[in-house]
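Report on the structure
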Amino acid sequence: MIVCETPRLRLRHLLDTDAAFILELLNEPDFIRNIGDREVRTLDDARRYIQHGPVASYSQHGFGLFLVELQDSAAPIGICGLLKRDYLDDVDVGFALRESFRGKGYAFEAASAVMQLGQQVLGLGRIVAITSPDNHASMSVLRRLGLEFERTIRIPEQSRDTRLFTPVHRNQ
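A brief report on the enclosed structure follows.

About the criteria used
Residues numbered from 1 in each chain as written. Predicted model: local features only at pLDDT ≥ 70, side-chain atom pairs only at ≥ 80, totals over all residues. Heavy atoms only, no water. Salt bridge = Lys/Arg side-chain N within 4 Å of Asp/Glu carboxyl O. Helix = DSSP H or I, 4+ residues; strand = E, 2+ residues; numbered from the N terminus. Buried < 20%, exposed > 50% of the residue type's maximum accessible area, 1.4 Å probe, protein only. Pairing = 2+ DSSP bridges. Core = buried A, V, L, I, M, F, W, Y, C linked by side-chain atoms within 4.5 Å. Contact = heavy atoms within 4.5 Å. Disulfide = S-S within 2.5 Å.

Quick word on the pattern of salt bridges
- Counting across every chain of the model gives 17 salt bridges.
- A salt bridge links R10 to E69, with the shortest nitrogen-to-oxygen separation between them at 2.8 Å. Linking R10 in strand 2 (residues 9-13) with E69 in strand 3 (residues 65-70), this pair joins segments that are 59 residues apart in sequence.
- The class of R10 is buried, set by a relative accessible area of 13%.
- Judged by relative accessible area, E69 falls into the buried class, the value being 6%.
- Salt-bridge contacts for D92 lead to R85; the nearest nitrogen and oxygen are separated by 2.9 Å.
- You can call D92 buried: its relative accessible area is 0%.

Considerations on the pairing of strand 2
- In terms of burial, strand 2 is a largely internal element, five of the five residues being buried.
- Taken together, the three bridges between strand 1 (residues 2-5) and strand 2 define a ladder with antiparallel strand orientation. Note that in strand 2 the partner of C4 across the bridge is L11.
- If you look at the hairpin formed by strand 1 and strand 2, you'll find three residues sitting between the two strands.
- Where strand 2 lies against strand 3, five bridges are found, and the strand directions are antiparallel. Note on strand 3: the bridge partner recorded for L9 is L70.

A look at the nonpolar core
- Of all hydrophobic cores here, the largest spans 49 residues; its most connected members are L11, I22 and V93.
- The biggest single contributor to this core is helix 4 (residues 106-121), with eight residues.
- The contacts of I22, once residues within four sequence positions are left out, are L14, A46, Y49, I50 and I79.

Let's talk about the state of the cysteines
- Taken as a whole and judged by the stated rule, the model has zero disulfides.
- C4 takes part in no disulfide bond, and the closest cysteine sulfur to it belongs to C80, at a distance of 7.8 Å.
- Of the residues examined, C4 reaches a relative accessible area of 13% and is grouped as buried.

What follows is the structure in C-alpha cells.
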C-alpha cells in the first residue's frame, strides 16, 4: 500500500518481497554504525524483521517504517517512517538510505512527506527524532525539517548516548 508520494519518491508499506533489499540496507556499515546492528543476516531474518517491526507497527499504530522507492523506476533506495518507541514520549521520524542514494535530498524529501502524513493525516501533534552523536548528515536533515538538538539521552540496553531532536519553538 502506498502511503505518500513526492515528485521523486513513493513510500509504501514494506512487504516480505522486500527482504533482499532490507538484508542489504541493514548490513551497510553506516547503518550498523549509526543506527545499530539488527542482526539480520539472512533473507529469513529480513522477513522476520519486516513482519515483527514495520508490519506489526502498521497494525498496532497505523504507521511504521516504509520502503522508499524512486517514482520513475520503483527502485528501492531506503526506508523512512514514523516509530513509536517505548522509551520516547513522542513518535519519532526515522530514515536510512542506501549509500549510493545519499546526498541527493532524498532523505529530506521522504522525511518531510512522512512528517506531513503524521501531522495532517494521523493527527500527531509532535514528532521528534533521535540520532547518533556523530551522524552529522542526519543532523543536517533534522535541522532542515525544523528539529533542533534538545538533549542527550541513553536508550535502554545500549551503551552509547543518543541525541534527541525536537521541534523548534519560536516565540511569536
